[in-house]
Amino acid sequence: MRNLKTSTLIFELSKPGRRGAKLPACDVPSPEINQLLPAAALAAAPPPLPEVAEPEVVRHFTNLSTLNMSVDTHFYPLGSCTMKYNSKRNERLAGLPGLAELHPYQPESSLQGILQIFYELQQFFGEISGLPAVSLQPAAGAHGELTALMVAAAHFRTIGQKRTKILAPDSAHGTNPASAKMAGFEFVTIKSTPQGNVDMDDLRAKLDDTVAVFMITNPNTLGMFDKQVGEICKLVHDHGGLIYLDGANMNAILGIARPGDFGADMMHYNPHKTFSGPHGGGGPGAGPICVTETLRPYLPCPVVEKNDDGYCLVYDNPTTIGRVRSFFGNVGVLIRAYCYISTHGPDGLKRVSETAVLNANYLLSKVKHFLPVPQGARCMHEFVASGAALKKAKGISAMDVAKRLLDYGFHAPTVYFPLTVAEAMMIEPTETESKETLDSFAEVLFRITEESGDLLHEAPHSTPISRPDEVRAARQPIIKWTPATA
């Protein structure tokens, strides 16, 4: 039974004079406010805050929190985002007073515990990636991409080479071209083959001595490991360029393949996808990067090092690209990653990826009979089904299917990405879901494909709002309350 009243706007619940607590009259001398504060600090009128009682506030926000879909409440097969369940233990550990109450301006001698965690986390990330030099500073995956490209630019400036282009496949995440542009490069797209791999002929045709970096996601956004990656790395290196590994899909290869071993020079991690950080809403995030020893001199400062006196933050580096985030990075997210990696250990991380791949292939085997998967009889941690045939036969689009899933209590998969698959539905079950959940999802997905177009075009039918104007919502968001005019 849902309390609908308390999930209206809190401003609509407001009644003049209502308070969370009413204090007794003051029985000591009380000067006027203008005697305590300078005139410049005083507002002409109180701010228009809602006036509500404490139970109304608690019920309002508690009920609002239950309206959202989350990994804690629903299966969330959002491809390319690795929406896996993460242990609450890591939340509790990150919230321990000895960590949560630290202040970045404390003397280093009083920060030895957190600096040890960061130092060891740098070692973990370096070992997992095969790239030994690590910066924990970037604030998100895309920020990690940008930071790494800035590192690459600094490297080429230092060796006196003017390189202006970044290459990436047409199945790349949209952040790749955005990061390239922000770092001052021209972005060039490389075609994919019908099988979903990098088109080697197109790559060879576009490689020259102006190419700084080839950005590759491997496993790629089709959920496939491009086995040409060794040849790709050699080709790019032979032309003097660098390889950037978009680490968004690392959940598929932990403990199995290391980007540094197959030729990458730089990469980022998404701790919120792979290592237990909270996920969604644009943050909080972190995007630590790992690079080769050759690129170490250009990493952002500070980095954590260990000497005879303990752990320290090292700022003294004349070739660094500088600081890219305040203080030490997103400390809370990094602590969760440390806890996750420490808990699983090398063998446990490998099992994470093996189970993620097994779950994805199981679901693929159930789905491909009614939603074709153009690339891959097998997949890594995710796969991309196509609703093109369904749309042609019944007029039902990938968006219709995604919206209808909400009525059955499942979060929708990623749709219309990658752009190389018509009516794409990118499904990633992750390692944390049971066989029963996967069976239930596949059954519902099949049932939806059997439903009428008229029913699906109007879906979802169980939510307060069915189909908002998503383009307008993205371009003209209304994110604050405005009092109604008389």
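Along each chain, residues carry numbers from 1 onward, in the same order as the chain's sequence is written. Restriction of local features to residues with pLDDT of at least 70 applies here, the model being predicted, together with a cutoff of 80 or more for giving and counting side-chain atom pairs; totals for whole chains, interfaces and linings are based on all residues. Working from all heavy atoms in the structure, the side-chain values ignore hydrogens and water.

(A) Molecular detail of empty space enclosed by the protein. Any residue with an atom within 4 Å of a point lines the site, the site being either a cavity, points on a 1 Å grid over the protein atoms alone where a 1.4 Å probe fits but cannot get out, or a pocket, an open set with protein on both sides within 12 Å along at least 5 of 7 lines. Grid points are joined across faces, edges and corners, and a volume is the space filled by probe spheres set on the points. Under the counting rule described, the total for this entry stands at 2 cavities of 30 Å³ or more. A volume near 80 Å³ is recorded for the largest cavity. Lining the largest cavity are 13 residues, and of these P169, S171, V198, T217 and N220 lie nearest its centre. Note that Gly is not counted as nonpolar here; it falls among the polar residues with everything else outside the nonpolar set of Ala, Val, Leu, Ile, Met, Phe, Trp, Tyr, Cys and Pro and the charged set of Asp, Glu, Lys and Arg. Each residue belonging to the lining of the largest cavity can be placed in one class, and the counts come to 4 nonpolar, 8 polar and 1 charged. As a volume, the second largest cavity reaches approximately 60 Å³. The secondary structure listing takes helices from DSSP runs of H or I that are at least 4 residues long and strands from runs of E that are at least 2 residues long, numbered from the N terminus. The set of elements that each furnish at least two residues to the lining of the second largest cavity consists of α6 (112-129) and β8 (303-307).

(B) Expanded view of the side chain of H272. Topologically, H272 is positioned in helix α11 (residues 271-274). Only protein chains enter the calculation, and the probe is 1.4 Å; a residue is then buried if its accessible area is under 20% of its type maximum, exposed if over 50%, and partly exposed in between. Judged by relative accessible area, which is 14%, H272 ranks as buried.

(C) Broad picture of the sheet that holds strand β2 (residues 165-169). DSSP bridges decide pairing: two strands pair if at least two such bridges lie between them. In space, the 7 strands of this open sheet follow the order β1-β7-β6-β5-β4-β2-β3, with mixed pairing throughout. Either end of the sheet is taken by a strand with one partner, and the two such strands are β1 (133-135) and β3 (186-190). For this sheet, the mean angle separating the axes of adjacent strands, direction not counted, is 20°. Note that strand β6 (residues 266-268) and strand β7 (residues 289-291) share 3 bridges and pair antiparallel. Note that in β7 the partner of M266 across the bridge is V291. Residue contacts are counted whenever heavy atoms from the two residues lie within 4.5 Å of one another. Here, axes are lines fitted to C-alpha atoms. For helices the fit covers the stretch in contact, and angles between N-to-C directions go from 0 to 180 degrees. Across the sheet, helix α7 (residues 141-158) lies against β2, β4 (211-217), β5 (242-246), β6 and β7, angled at about 170° from β5, the strand it touches most. Contacts from helix α8 (residues 175-182) reach β2, β3, β4 and β5 within the one sheet, and its direction differs from that of β3 by about 155°.

(D) Region of the structure containing the side chain of N270. Here N270 lies in the loop between β6 and α11. The buried category is assigned to N270, whose relative accessible area is 4%.

(E) Summary view of the nonpolar core. F125, L203, F214, I232 and F275 are the most contacted members of the largest nonpolar core, which has 58 residues in total. Of all the secondary structure elements, the ones that give two or more residues to this core are α6, β3, α9 (200-206), β4, α10 (229-238), β5, β9 (310-314) and α12 (331-367). In terms of residues, this core owes the most to one element, α12, which gives 11 residues. Contacts of L203, omitting those with residues within four sequence positions, involve L167, I190, V198, F214, I232 and L235. Ranked by size, the runner-up nonpolar core spans 29 residues in total, among them F75, F383, A398 and M425. Each nonpolar core is a collection of buried residues, namely Ala, Val, Leu, Ile, Met, Phe, Trp, Tyr and Cys, held together in the definition by side-chain atoms within 4.5 Å.

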